[in-house]
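Commentary on secondary and tertiary structure
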Amino acid sequence: MGGFRAFLRAALVFLTVELYLVCCDITDGNAEHLKREHSLMKPYQGVGSSPTSQWDFWGSTLVTSSYVRLTPDERSKQGSIWNTVPCYLKDWEMHVQFKVHGSGKKNLHGDGIALWYTKDRLHPGPVFGNQDQFLGLAIFLDTFRNDLHGMDRSFPYISAMVNNGSVNYDHGRDGRSSELGGCSAEIRNREHDTYLAIRYSKGRLTVMVDVDDKNEWKECIDIGGVRLPTGYFFGASAATGDLSDNHDIISMKLYQLMVEHTPEEENLDWTKIEPSVSLLKSPKDNIDDPTGNFRGTPLTGWKVFLLLLCALLGIVVCGVVGAVVFQKRQERNKRFY
Ligand SMILES: [Ca+2]
């Protein structure tokens, strides 16, 4: 009898360990997919100071041990920071922690931050400190309303733009003519940490914000039909004009998304893709791309199998526990009679 109990206990331990391993494999924690060569994190060791550095900066940018200040709260400043390593991931998610703060009262501050995934890097210009007619993707965190006719939206306003090098960003209209989508977000002078996430996977661009200290992502932009090549560079820039703010980047963390592609897709030369958006395709038509949890990854056949295995093992464990409890009860009954 003792031998059987020992066997049950061993089986239970084995199954629990097995269950743990299988479950943890499924969780697919993004931490293990963090790409350090494309990430900017405290204390920013070696940023810009050595030939092997993975980040360069320009202009008013000041790198301290706890933040990267693209511009101080002073007029007519421009600064940027750029990853020196081109990104060849097909599916990625960038988490940016930022802080926009200054002494300017309501509507008396500007101009904002732009986050980039572009062909060229370190090309200063008029679009939040970076060049116009860029090739690639831009996400604007626009804190100043230039377009006094566009009162239907409140500022700060976050928007996305994809450019093949032919379109100008229209500051006078806050980029409205070229924006793919956007949302208003209170990102300025917040006491708590503020975050933005950009996900690009299978032609779908999603921007989420976490600025209300709730530790959850809120959808801002979600569009399909977006085509971006690999081999571009991540960067961030900011500018002030007559009005100003401190524009700080605390971190930029790039995660690889584990997404399967068809052999045809894999065989394409992704570096040759021209940035474009097929606006005919609404994101709701993207039923072939069932993305579940925003921070997680879509379920593949393999993962579904593991989930089922996990469930099966759970049932077995329950059975074993039940058997042990039943056996214990039997023994207790024996003692009483
Ligand atoms: Ca503006």
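If you're wondering where the values come from, they're calculated on a predicted model, not measured in any experiment. (Residues numbered from 1 in each chain as written. Predicted model: local features only at pLDDT ≥ 70, side-chain atom pairs only at ≥ 80, totals over all residues. Heavy atoms only, no water.)

So, on to the overall build of the chain. Across its full length, the chain holds three helices and 16 strands. Across the 337 residues that make up the chain, the buried fraction comes to 48%. Taking contacts inside the chain between residues at least 6 apart in sequence as the whole, the part at least 24 apart equals 72%. Of the roughly 17300 Å² that the chain leaves accessible, carbon and sulfur atoms contribute 56%. (Helix = DSSP H or I, 4+ residues; strand = E, 2+ residues; numbered from the N terminus. Buried < 20%, exposed > 50% of the residue type's maximum accessible area, 1.4 Å probe, protein only. Contact = heavy atoms within 4.5 Å. Areas by Shrake-Rupley, 256 points an atom, 1.4 Å probe, with all protein chains shown as cover.)

Take the sheet that holds strand β7 (residues 135-142) next. As a general point, the strands of a sheet are linked pairwise by backbone hydrogen bonds and lie either parallel or antiparallel. In spatial order, the strands read β1-β4-β14-β6-β7-β8-β9; together these seven strands make up an open sheet with antiparallel pairing. The sheet is open, and its two edges are formed by β1 (55-59) and β9 (181-184), each paired on a single side. Neighbour to neighbour, the strand axes of the sheet diverge by 15° on average, direction disregarded. In this sheet, strand β4 (residues 78-83) lies alongside β1 in antiparallel orientation, the contact comprising five bridges. Residue pairing in the sheet places G59 in a bridge with G79 of β4. (Pairing = 2+ DSSP bridges. Axes fitted to C-alpha atoms, helices over the stretch in contact; angles between N-to-C directions.)

Those protein atoms acting as donors to the calcium ion are D142 (OD), D142 (OD), F144 (O), N146 (OD1) and D174 (OD), and they sit at 2.3 to 2.5 Å. For the calcium ion, the donor residues sit on a single chain with the sequence spacing D-x1-F-x1-N-x27-D. (Donors = N, O, S within 2.8 Å, 3.2 Å for Na, K, Ca; no water.)

All right, on to the state of the cysteines then. Every disulfide links exactly two cysteines, by a covalent bond between their sulfur atoms. Under the defined criterion, the tally for this structure stands at one disulfide. Through a disulfide, C183 is tied to C220; the S-S separation comes to 2.1 Å. What sets the handedness of the C183 and C220 disulfide is the S-S torsion sign, and at about -105° it is left-handed. One end of the pair, C183, is in strand β9; the other, C220, is in strand β12 (residues 218-223), and 37 residues separate them in sequence. (Disulfide = S-S within 2.5 Å.)

Let us look at the pairing of β9. The side-chain alternation of β9 yields one buried face, formed by G181 and C183, and one unburied face, formed by G182 and S184. Examined bridge by bridge, strand β8 (residues 157-164) and β9 share four bridges and lie antiparallel to one another. The partner of I158 across the bridge, within β9, is C183.

One ladder, built from two bridges, connects strand β2 (residues 62-63) with strand β3 (residues 68-71); its direction is antiparallel. Residue pairing in the sheet places V63 in a bridge with V68 of β3. In the sheet, β3 pairs with strand β15 (residues 246-256) via three bridges, with the strands oriented antiparallel. Following the sheet pairing, T71 is matched in β15 by H247.

Quick look at the side chain of D147 now. If you trace the backbone, D147 turns up in the loop between β7 and β8. Using a relative accessible area of 7% as the deciding quantity, one classes D147 as buried. Those residues in contact with D147 that lie beyond four places of it in its chain are G172, R173, D174 and R176.

For the rest of this paragraph, the subject is the confidence of the model for the chain. For the chain, per-residue confidence averages 85 on the pLDDT scale, and residues scoring 70 or more make up 80% of the total. pLDDT under 50 marks residues 12-29. Its contacts with residues more than four places away, or in other chains, come to 24 contacts. Within the model, pLDDT remains below 50 along residues 281-298, and this stretch shows 37 contacts once partners closer than five positions in the same chain are excluded. (pLDDT = per-residue confidence, 0-100.)

Before going further, it helps to spend a moment on a nonpolar patch on the surface. A surface patch of nonpolar side chains, about 240 Å² in accessible area, is lined by L309, L312 and V316. For L312, the location among the structural elements is in helix α3 (residues 301-336). Classification of L312 as exposed rests on a relative accessible area of 53%. (Patch = residues over 30% accessible without salt bridge, like charges linked within 9 Å, V, L, I, M, F, W, Y side chains within 5 Å. Salt bridge = Lys/Arg side-chain N within 4 Å of Asp/Glu carboxyl O.)

So, on to the environment of E186. Structurally, E186 can be placed in the loop between β9 and β10 (194-201). With residues near it in sequence (within four places) discarded, E186 still touches F155, P156 and V211.

One pass over the full model with this rule turns up 13 salt bridges. With a closest N to O distance of 3.0 Å, R121 and D56 form a salt bridge. Placement of the pair is R121 in the loop between β6 (112-118) and β7 and D56 in strand β1, with a sequence separation of 65 residues. As a salt-bridge pair, E93 and R199 come within 2.8 Å of each other at their nearest N and O atoms. Of this pair, E93 sits in strand β5 (residues 92-101) while R199 sits in strand β10, placing them 106 residues apart in sequence.

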